[in-house]
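Fold and contact review
Residue strings, one per chain:
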Amino acid sequence: NKDRLPLPDGKEQPVRNLSVRYSMPEWLVELWIGEYGFGITEKILEGLLDIHPVSLRFSSLLPEGERKLLRAQMGRTGAMLAQSPYLPYVYLVKDADNISSLPGFSRGMCTVQDAGSVLAVEAAGIRGEDFVVDVCAAPGGKSILASEKAERGRVLARDVSEEKAALIRENIGRMKAGNIDVQVFDGRHTDEALVGRADVVLLDVPCSGLGVAGKKRDVKYRVTREGMAGLTSLQREIAAASARYVKPGGILLYSTCTIHSGENEELVRFFTRELGFEPVSLEGAVPARLWEERACLREDMRKAGIDPDRRLTREEGDACVQLLPGYMETDGFFFAKLRRGRE
């Protein structure tokens, strides 16, 4: 009978109404209303409560014919696959009892990876002979996709513990990625041997995880204002230590799986205004549909009286994409593309 339970009055207590109706702590509702306005916040909350299918990325090296055959084999198990509107080799999977038992999974033909994570790697523009450093790499999805793109290059995947490194190695082994080195390294420190050597640095830092609250329901109960403040300090520490790896003219792709300007746009400001990076427009680097959805979100923000670029210059804003549940068919995810100036 939960649909019959009384709700806080939407006019007198609008924040509490959204909090109860969408099962989200009031302070988070207030945070998003401040950043996006009431209507967009309600859309985000609706999106987070939707059913979130598993996102399956097929190997980008798999020919279309083999991909089609594999999809048919998966369908015969009862799994339902719907292609991502953004990427031809990413599918949303429903009614699969065990993803790891699907045809092709154990043979490294596919892996679990959200479209937002895949889009971030695509946006980096990795080329065949690039040297890529993935600073906080576990469980290895970005590193593996980077290795598929840098076929004649090399990927260095690092994370802070042997447990995380073992998870990366496990996924690398299953996906048969042969050009990745895995190391245990604390991203808060700078490895002087890597300074100025990387063509691309992938920097997906520890974050509050609010963008994946639709899949990990406990996130919204664990995150606190104090904890988020501590995370932004950690993110800056990792950013400052890792940014030095990018060679002059090279790319740094910053990303998080959260919906919080303090961990996203504010870090872009840190890169451009304190670490000397230049913003790189993502127009043309992401699918046209995604860019159009981004434009719709920005227009809705303006209608709500919120300037989408209030924290950034127009050039910095064009280097960023914030994926929002309810607006985009992904988890909540953020990425920004930045270039080290040529010396």
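Notes on the structure in this doc start here. (Residues numbered from 1 in each chain as written. Predicted model: local features only at pLDDT ≥ 70, side-chain atom pairs only at ≥ 80, totals over all residues. Heavy atoms only, no water.)

Description of the side chain of H260
What counts is decided by this rule: Under the DSSP-based scheme used, a helix requires at least four consecutive residues in state H or I and a strand at least two consecutive residues in state E, with every element numbered from the N terminus. We call a residue buried when its accessible area falls under 20% of the maximum for its residue type, exposed when it is over 50%, and partly exposed in between, using a 1.4 Å probe and counting protein chains only. For the purposes of these results, a polar contact is taken to be a pair of N or O atoms within 3.5 Å, where, inside protein, one atom must be able to donate a hydrogen and its partner to accept one; residues adjacent in sequence count only when each atom of the pair is a side-chain atom. Throughout, a contact is declared for two residues whenever any of their heavy atoms are within 4.5 Å.
Within the secondary structure layout, H260 lies in the loop between β9 (246–256) and α10 (265–273). For H260, a relative accessible area of 10% gives the class buried. Among the polar contacts made by the side chain of H260, one reaches the side chain of E263 at a distance of 2.8 Å. Apart from the residues lying within four places of it in its own chain, the contact partners of H260 are L31, E35 and M228.

Observations concerning the layout of surface pockets
To locate leftover empty space, one rolls a probe as large as a water molecule over the atoms. Test applied: Only protein atoms enter the calculation, which uses a 1 Å grid: trapped sets of points that fit a 1.4 Å probe without letting it out are cavities, open sets showing protein on both sides within 12 Å along at least five of seven lines are pockets, and any residue with an atom within 4 Å of a point is a lining residue. Grid points are joined across faces, edges and corners, and a volume is the space filled by probe spheres set on the points. Under the convention adopted here, Pro, Cys and the residues Ala, Val, Leu, Ile, Met, Phe, Trp and Tyr are nonpolar, Asp, Glu, Lys and Arg are charged, and Gly plus all remaining residues are polar.
Quantified by volume, the largest pocket comes out at close to 1,400 Å³. Listed by contribution, the elements that provide at least two residues to the lining of the largest pocket are β1 (54–58), β4 (110–112), α6 (141–149), α7 (162–175), α8 (219–222) and α9 (225–242). Broken down by element, the residue count for the lining of the largest pocket peaks at five residues, all from α9. For the lining of the largest pocket, the residue count by class is 24 nonpolar, twelve polar and 13 charged. The volume enclosed by the second largest pocket comes to roughly 260 Å³. Lining the second largest pocket are 15 residues, and of these I51, H52, P53, E329 and T330 lie nearest its centre.

Quick look at empty space enclosed by the protein
A full pass over the atoms with the stated rule returns two cavities of 30 Å³ or more. Computed from the structure, the largest cavity encloses a volume of approximately 250 Å³. Every residue lining the largest cavity is counted, 18 residues in all, and those nearest its centre are E265, R298, M301, P308 and Q322. Elements with a minimum of two residues in the lining of the largest cavity: α2 (26–36), α11 (288–303) and β11 (320–323). Per-element accounting of the lining of the largest cavity gives the leading share, four residues, to α11. Considered class by class, the residues forming the lining of the largest cavity number eight nonpolar, three polar and seven charged. Quantified by volume, the second largest cavity comes out at close to 50 Å³. Lining of the second largest cavity is provided by V133, V135, R158, F185, G187, H189, S242 and Y245. Residues that form the lining of the second largest cavity fall into these classes: four nonpolar, three polar and one charged.

What to know about the pairing of strand β6 (residues 154–159)
Condition: Pairing between strands is defined by DSSP: at least two bridges between them are needed.
Burial analysis of β6 places five of its six residues in the buried class, which makes it a mostly covered element. Where strand β5 (residues 131–134) meets β6, four bridges bridge the pair, whose relative direction is parallel. By the bridge assignment, V132 is partnered in β6 with V155. With five bridges joining them, β6 and strand β7 (residues 180–184) adopt parallel strand pairing. By the bridge assignment for β7, A157 is matched with V182.

What about helix α4 (residues 64–75)?
Cut-off, in case you're wondering: Expected helix span is taken as 1.5 Å per residue step, with the number of steps being one fewer than the number of residues. Taking the helix axis as origin, the arc is that swept by the directions to the C-beta atoms.
Spanning twelve residues, α4 covers 16 Å between terminal C-alpha atoms, matching the ideal 16 Å at 1.5 Å per step. Buried within α4 we find R67, L70 and M74. Down the axis of α4, the buried side of the element spans an arc of 65 degrees, and every buried residue falls inside it. For α4, the exposed residues set more than 90 degrees away from the buried face come down to G65, K68 and L69. For α4, the secondary structure elements touched by its buried residues are β1, β2 (80–83) and β4.

Here's the deal with the packing of α9 against α10
Stated precisely, the cut-off is as follows: Lines are fitted to the C-alpha atoms to define the axes, a helix being fitted only along its stretch in contact, and any angle between axes, read from their N-to-C directions, falls within 0 to 180 degrees. Left-handed describes a crossing whose near helix is turned anticlockwise from the far helix by less than a right angle; the clockwise case is right-handed.
Running from amino to carboxyl end, α9 crosses α10 at an angle of 35 degrees, the nearest separation of the two axes being 11 Å. The crossing of α9 and α10 is right-handed. In this structure, α9 uses Q235, R236, A239 and A240 to contact α10, whose residues at the interface are E266, L267, F270 and F271. In terms of residue class, the contact of α9 with α10 is built from five nonpolar, one polar and two charged.

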